[in-house]
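Breakdown of the fold
What follows is the residue order along each chain.
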Amino acid sequence: MELTYTLLACADPAALAAADLPAQDLVFTAVDPADFGLCCRRLAGLLNNLSGAADPLLAELFAPLLPAARYQIQVTAVAGVPAPYDAWCSADGRLFFNLSQWDPARLEASGAAVILHESAHFLIRQLSGLPQPASPREQLEYLIFDEGLAHYAGFPPGRQRLLSAYGQHWAPAESATAAALARLDDPRVSVTEAQTLLSAADSGPYWDKYGSICGMFRAAWYAGQSLEALRGCLITGRLPHAPQMPA
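Below is a summary of the structure that appears in this document. (Residues numbered from 1 in each chain as written. Predicted model: local features only at pLDDT ≥ 70, side-chain atom pairs only at ≥ 80, totals over all residues. Heavy atoms only, no water.)

1. Quick look at the packing of aromatic side chains
Here the structure, examined in full by the defined rule, presents twelve aromatic pairs. Note on Phe155 and Tyr206: the rings are 6.5 Å apart at their centroids and 45 degrees apart in plane angle, and the pair reads as tilted. With Phe155 in the loop between helix H4 (136-153) and helix H5 (162-166) and Tyr206 in the loop between helix H7 (191-200) and helix H8 (210-225), this pair connects stretches of sequence that are 51 residues apart. Ring pairs connect the aromatic residues Phe155, Tyr166, Trp170, Tyr206, Trp207 and Phe217, which therefore count as one cluster. Directly above the aromatic system of Trp102 lies the positively charged group of Arg106, at a separation of 3.8 Å from the ring centroid. (Phe/Tyr/Trp six-rings, centres within 6.5 Å; stacked < 30°, edge-to-face > 60°. Helix = DSSP H or I, 4+ residues; strand = E, 2+ residues; numbered from the N terminus. Lys NZ or Arg CZ within 6 Å of the ring centre and 35° of its normal.)

2. Details of the pattern of salt bridges
Counted under the stated rule, the structure contains 13 salt bridges. Its salt-bridge partner being Asp86, residue Arg106 comes within 2.7 Å of it at the nearest N-O pair. Here Arg106 is found in helix H3 (residues 104-128), whereas its partner Asp86 is found in the loop between strand S3 (70-78) and strand S4 (87-89), with 20 residues between them in sequence. Ionic pairing is found between Arg125 and Asp146, a salt bridge with its closest N-O pair at 3.3 Å. In this pair, Arg125 is assigned in helix H3 and Asp146 in helix H4, connecting sequence segments 21 residues apart. The two residues Arg125 and Asp146 agree in class, both being buried. One network of salt bridges, with partners in common, ties together Arg183, Asp186, Arg188 and Glu193. (Salt bridge = Lys/Arg side-chain N within 4 Å of Asp/Glu carboxyl O. Buried < 20%, exposed > 50% of the residue type's maximum accessible area, 1.4 Å probe, protein only.)

Right, here's the structure in full:
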């Protein structure tokens, strides 16, 4: 499998279609053109370095399930979008980098990992599109799958050490996820509370994003069994609770 990236620049996020923004009713801020240009050049370098043969995990995991050997991914550099939106994938699989949340040093340190994260979202969209879960529970379950796989693909310190070096974060994330699912199953839960629970599942400090983090560890566990096991999760669009966790 081969992934190539095409970079476009759109400094004014107001020029984007509403469907391309990560949320609605955002308040945009002014951007320094020089800073935007510098970060665009750094991002272009990262994308050029990653173009060609796909990351081994992404290639081995997705290639047997997708019809094409080559995929071109459009990446749009924007700026002025408020935190926490530093990068996202649209429903149709286009990637966006909000460069007002980046600087050259952060791009150098973390940019490649985030590109891999968003590329996993892109490949999931090619496989099954973006479903529209009917209930808050289904939204959280899909978030665990979609964000869990993407977090696993782009885990910065190295996926191979995820369970052994960071496994202490797994159980708290699973506990928080179980508690959220229980609340979402309660017919008395308000729309506001449900949205708050879903937002917290993938926002805030890294290890506190319970839905994404428990999904990431589940993906790591299935990959540790075999890539075929993790590929089965891709086919079903779910990352079920893993049979075991570190003590």
